[in-house]
Amino acid sequence: MTDPTIPAPGDLVPPATGTAPDAARPVTSAWTGAAPRLAGRGLVHRFGTTTALAGVDVDLADGESLAVMGPSGSGKSTLLHVLAGIIVPSGGTVTLRGEPVQALSEKKRSLLRRTRYGFVFQFGQLLSELSALENVALPAMLTGASRSDAQAAAGQWLAALGLAGAEGRRPGELSGGQAQRVAVARALITRPEVVFADEPTGALDQQTGHDVMKVLVDSTRAVGSSLVVVTHDADVAAWCDRRIDMRDGLVVPPGSTTGEGVGPRPGEKPGRALPDDLGSARVSDVFGGAR
Ligand SMILES: Nc1ncnc2c1ncn2[C@@H]1O[C@H](COP(=O)(O)OP(=O)(O)OP(=O)(O)O)[C@@H](O)[C@H]1O
């Protein structure tokens, strides 16, 4: 019997060439009027005395891509982690197709992340001991596919994303752009309802980042996933249907986090707020165990 989580040949529409990243795209939540696929209401989150989210409302429509922008420390990653059920917020609600996510036990949230969400992070998310093929196959196997079915599907995904021939390479033998394509394939193999990407091009040069965004946006759209992308980069955000800007844990009017005063604080590197244990911690965040 065919496993519905495994993509059949031809499921991925090859990315169209020459699409302008800022081409006008519909703001789907506005024109469909449909209930959002994912919704956050009144989201508040505190880390000790630090308020990372101060009351955020956000909707994500079916198939919509949403960029979350803002300066370092504005709460972007926290919002992504809350929406993805990695962090239970101090206040507010997250619903996936109307079901409250934080009401679920940690075990059920872990299952939800594994089966209904996909994740692409800046780096560190591929398992270094596994080949590209095995990395992509893993989420399908975790959702119950046999090794052979999962690996066959993984091969199709790698080929569709321009990585035919790289199946046997380990992450250390891939370029940064290739590794992110593998990460995209790994996020999409289970055909998740929502893909969460945190600075997916943050470690790449501009051209490679452009190529990876194209693959990410085109392939999530091709499988009907919705997409949340956290980014500092307006060129990356321009790939998405819609953008929200954050400052001090709040969503602010578009453009008000760009220009003067924006960016890392003195002495900070972009992405400073990422935890030290980013790589392995985030893999375990996704596949089990929450903070
Ligand atoms: N695990 C944590 N423990 C304590 N404080 C945290 C933790 N994670 C984030 N914060 C704090 O919460 C605030 C929001 O951080 P967050 O990482 O969400 O911002 P961001 O906009 O994603 O930043 P960056 O672009 O630098 O990644 C910051 O003040 C940050 O220092």
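Owing to the predicted nature of the structure, the values given are computational and were not obtained by experimental measurement. (Residues numbered from 1 in each chain as written. Predicted model: local features only at pLDDT ≥ 70, side-chain atom pairs only at ≥ 80, totals over all residues. Heavy atoms only, no water.)

(A) Inspection of the packing of helix α4 (residues 132-142) against helix α5 (residues 147-160) at higher detail. Interaxial distance between α4 and α5 falls to 8 Å at its minimum, and their mutual angle equals 125 degrees. Classified by the interaxial angle, the pair formed by α4 and α5 is oblique. In terms of crossing hand, the pair formed by α4 and α5 is right-handed. Residues Ala132, Leu133, Glu134, Val136, Ala137, Ala140 and Met141 of α4 pack against Arg147, Ala150, Gln151, Ala154, Gly155, Trp157 and Leu158 of α5. Each residue belonging to the contact of α4 with α5 can be placed in one class, and the counts come to ten nonpolar, two polar and two charged. (Axes fitted to C-alpha atoms, helices over the stretch in contact; angles between N-to-C directions. Helix = DSSP H or I, 4+ residues; strand = E, 2+ residues; numbered from the N terminus. Parallel < 35°, antiparallel > 145°, perpendicular 65-115°, else oblique. Left-handed = near helix turned anticlockwise from the far one by under 90°. Contact = heavy atoms within 4.5 Å. Nonpolar A, V, L, I, M, F, W, Y, C, P; charged D, E, K, R; others polar.)

(B) Summary view of the side chain of threonine 201. Secondary-structure assignment places threonine 201 in the loop between β7 (194-198) and α7 (206-223). Residue class for threonine 201 comes out buried when judged on its relative accessible area of 9%. For threonine 201, the contacting residues outside a window of four places in its chain are Gly209, Val212, Met213 and Val236. (Buried < 20%, exposed > 50% of the residue type's maximum accessible area, 1.4 Å probe, protein only.)

(C) Here's a closer look at the site of the ligand. As a matter of local geometry, the ligand sits amid 15 residues, with Ser72, Gly73, Lys76, Ser77 and Thr78 nearest to it. Within the contact set of the ligand, an oxygen atom lies 2.5 Å away from a side-chain nitrogen or oxygen of serine 72. Within the side chain of lysine 76, an N or O atom sits 2.7 Å from an oxygen atom of the ligand. In the complex, 77% of the free accessible area of the ligand, which totals 630 Å², lies under the protein chains. Listed by contribution, the elements that provide at least two residues to the shell around the ligand are β2 (50-60) and α2 (76-83). For the shell around the ligand, the element with the most residues is α2, which contributes three residues. Of the residues that constitute the shell around the ligand, the class distribution is four nonpolar, nine polar and two charged. (Near = heavy atom within 4 Å. Polar contact = N/O pair within 3.5 Å; in protein donor to acceptor, adjacent residues only side chain to side chain. Areas by Shrake-Rupley, 256 points an atom, 1.4 Å probe, with all protein chains shown as cover.)

Interpretation in functional terms is not warranted from these geometric data alone.
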